[in-house]
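Remarks on the overall topology
Here is how the chains run, residue by residue.
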Amino acid sequence: MLGSFALWKTLAILLAAVLPVKATTQSGESIEGSLGAVTATSLAIDIDGRPREILMQDLQTVSPANVQEQTGPTYLVTLSGGSKIAAETVSLVDSGLSIQPRQQDPLSVPVRQVKAIRFRASGATTDAQWLGLLQKESRGDVMVIRRPGDKLDPASGIIESIADGKVSFNLEGDTVAAPLDRLEGVVFGSTAEAADDAPVRITDVYGSTWLAESLVPSDAGQPIAMKLSSGQIHHLPLEQIKSIRFSSGLSMLATEKPADVKTDTYFQTNIDGGLVNAFFGPAAQDGNDLQMHGGSKIEYRVADGFVMLVGAVRRASEVKRASEMSVRILLDGKKVWEESLPDVQPRGFEIPLKQARRLTIEVDSRDDGNLGDTVQIIRPRLLK
């Protein structure tokens, strides 16, 4: 007789063999049916017993008709190719990083393809600090210590291994063994930044986001097979699929024309508003960044298809002395993110757009003047 776990697994496989899905095409057509076979260029959806083959270039999204959310593992591994993998366990040795997702095949990844590992669950008091560190350039690896009061303290050095609940970290020639429960995570210096874009983006019910170069041919009822940027093939059981998005893309806000720009000077003046904006208003910097001063705001229209706003903010590097300040982000006029900048460390954001049509970034000088209130918005971008 089958044990309870084996019986559950058998039932899950039988149920997943026919996966009811909803699909949308690039032209806006909505299709409902059962997921069929996958080829190198197309995907079949069985509609009332008749398979309809749709080219992947014509698809926008595919998602199960009924998604059962699951509690995912705590560890989150970010790869240089952009995939974010919720992992039960991780271990690092000379051969690379071993990653064990929940109820999926394990992966082994060279260290040069790993951007970061977060050992703690996402939290409102630490997310901005952690995401900011992912955007910050570093000459070496970084071990991020969780201090009292949820303050993250980065230390630069060399990550030697991760095993037995500890990180072996070479700090100025001395190796220390840091328990994982005292760390927020580690950031690898070999990868400047993680990719955002890929032809296929798949999310699973355990919290992983897989950025794939392509889907690999598979028969109806078989796990979805994807080719990652590393060239590895990973299989995702059908019952774990949350969504598949095709033709993903990004929009760098620094290269987009804003819908509105406004700058309020700390002291009242009779200078024309257009002239003030020309001198002190938000402006593109270094290609993909924005520079903003205290009292300024910039607004963009959000085009259809974009689902996430990503980036980071920090005080401008040339500022030596500064008063208090904060940066806030609004969607359709409602504040969704705000962080003060008390130090030189960046603060990052990953904000779901939730079909918002307007996006606004504001810099607030508070009530103590605008001395040195210049900030850099690091690579603000919209993702599909």
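Residues numbered from 1 in each chain as written. Predicted model: local features only at pLDDT ≥ 70, side-chain atom pairs only at ≥ 80, totals over all residues. Heavy atoms only, no water.

With respect to the overall build of the protein chain
The helix and strand tally for the protein chain stands at three helices and 31 strands. Intrachain contacts of the protein chain at a sequence separation of at least 6 include 63% that bridge at least 24 residues. Split by element, the accessible area of the protein chain, about 19500 Å² in all, is 49% carbon and sulfur. (Helix = DSSP H or I, 4+ residues; strand = E, 2+ residues; numbered from the N terminus. Contact = heavy atoms within 4.5 Å. Areas by Shrake-Rupley, 256 points an atom, 1.4 Å probe, with all protein chains shown as cover.)

Quick word on the pairing of strand E7 (residues 84-93)
Relative to E7, strand E6 (residues 75-79) is paired through four bridges, and the arrangement is antiparallel. In the strand pairing of E7, Leu76 is matched with Ala86. Linking two consecutive strands that pair antiparallel, namely E6 and E7, is a turn of four residues; a positive phi of about 105° is found at Gly82 within it. Of the strand pairs in this sheet, E7 and strand E8 (residues 96-101) are connected by six bridges, and their pairing is antiparallel. Directly across from Thr89, in E8, lies its bridge partner Gln100. Hairpin connection of E7 to E8: two residues between the antiparallel strands. (Pairing = 2+ DSSP bridges.)

Overview of the sheet that holds strand E22 (residues 260-263)
Strands pair in a sheet through their backbones, by hydrogen bonds, and they do so in one of two ways: parallel or antiparallel. With antiparallel pairing, the five strands of this open sheet are ordered in space as E22-E25-E30-E27-E28. Across the chains shown, the open sheet's two edge strands, defined by having one partner strand only, are E22 and strand E28 (334-340). Across the sheet, the axes of successive neighbouring strands diverge by a mean angle of 10°, strand direction being ignored. Examined bridge by bridge, strand E25 (residues 296-301) and strand E30 (residues 358-364) share five bridges and lie antiparallel to one another. Bridging from a neighbouring strand, Lys297 pairs with Glu362 of E30. (Axes fitted to C-alpha atoms, helices over the stretch in contact; angles between N-to-C directions.)

Side note on helix H2 (residues 127-135)
Burial of H2 is extensive: eight of the nine residues sit out of reach of the surface. Along H2, the residues that are buried comprise Ala128, Gln129, Trp130, Leu131, Gly132, Leu133, Leu134 and Gln135. (Buried < 20%, exposed > 50% of the residue type's maximum accessible area, 1.4 Å probe, protein only.)

Notes on the side chain of Arg347
Structurally, the position occupied by Arg347 is in strand E29 (residues 347-352). Of the polar contacts made by the side chain of Arg347, one reaches the backbone oxygen of Gln345; its length is 2.9 Å. The residues touching Arg347, leaving out its near neighbours within four places in the chain, are Ala128, Gln129, Gly132, Ala312, Val313, Trp337, Glu339, Ser340, Leu341 and Pro342. (Polar contact = N/O pair within 3.5 Å; in protein donor to acceptor, adjacent residues only side chain to side chain.)

Here we look at the pattern of salt bridges
Tallied over the entire structure, the rule returns 18 salt bridges. Here Arg357 and Asp304 are joined by a salt bridge, their closest N and O atoms 2.9 Å apart. Of this pair, Arg357 sits in the loop between E29 and E30 while Asp304 sits in the loop between E25 and strand E26 (308-315); the two residues are 53 residues apart in sequence, bridging distant segments of the chain. Classification of Arg357 by relative accessible area gives partly exposed; the value is 41%. For Asp304, a relative accessible area of 59% puts it in the exposed group. (Salt bridge = Lys/Arg side-chain N within 4 Å of Asp/Glu carboxyl O.)

Observations concerning the confidence of the model for the protein chain
Residues of the protein chain with pLDDT of at least 70 account for 87%, and the chain-wide mean is 87. Least confident of the elements in the protein chain is helix H1 (residues 4-16), whose mean pLDDT is 47; most confident is strand E15 (residues 183-187), at 97. Segment residues 7-16 is flagged for pLDDT under 50; beyond a separation of four residues in sequence, or across chains, it makes six contacts in the model. (pLDDT = per-residue confidence, 0-100.)

A closer look at the nonpolar core
Residues Val77 and Ile117 are the most contacted members of the largest nonpolar core, which totals 49 residues. Top contributing element to this core by residue count: E7, with four residues. Core analysis: the next-biggest nonpolar cluster, separate from the first, contains 27 residues, Ala128, Leu341, Ile351 and Leu359 among them. (Core = buried A, V, L, I, M, F, W, Y, C linked by side-chain atoms within 4.5 Å.)

A few points about the packing of aromatic side chains
According to the stated counting rule, one finds two aromatic pairs in the structure shown. With 5.3 Å between their ring centres and 65° between their planes, Trp337 and Phe349 make a pair best called edge-to-face. With Trp337 in strand E28 and Phe349 in strand E29, this residue pair connects regions lying twelve residues apart in the sequence. The ring of Phe306 is capped by Lys384, whose NZ or CZ atom sits 5.2 Å from the centre of that ring. (Phe/Tyr/Trp six-rings, centres within 6.5 Å; stacked < 30°, edge-to-face > 60°. Lys NZ or Arg CZ within 6 Å of the ring centre and 35° of its normal.)

Overview of the pairing of E6
Put simply, side chains in a regular strand alternate between the two faces of the sheet. Sheet topology note: the E6/strand E10 (residues 114-118) ladder contains four bridges and is antiparallel. Within the sheet, the bridge partner assigned to Leu79 lies in E10 and is Val114.

Topic: the environment of Gln291
For Gln291, the position within the fold is in strand E24 (residues 289-293). With a relative accessible area of 17%, Gln291 lands in the buried category. Along the sequence, Gln291 and Thr374 sit 83 residues apart, while their C-alpha atoms lie 7.0 Å from each other.

Here's the deal with the environment of Ser208
The residue Ser208 is located in the loop between strand E16 (200-204) and strand E17 (209-216) in this model. With residues up to four places along the chain from it excluded, the contact list for Ser208 reads Lys84, Ile85, Ala86, Ile202 and Thr203. One polar contact links the side chain of Ser208 to the main-chain amide nitrogen of Ala86, over a distance of 2.8 Å.

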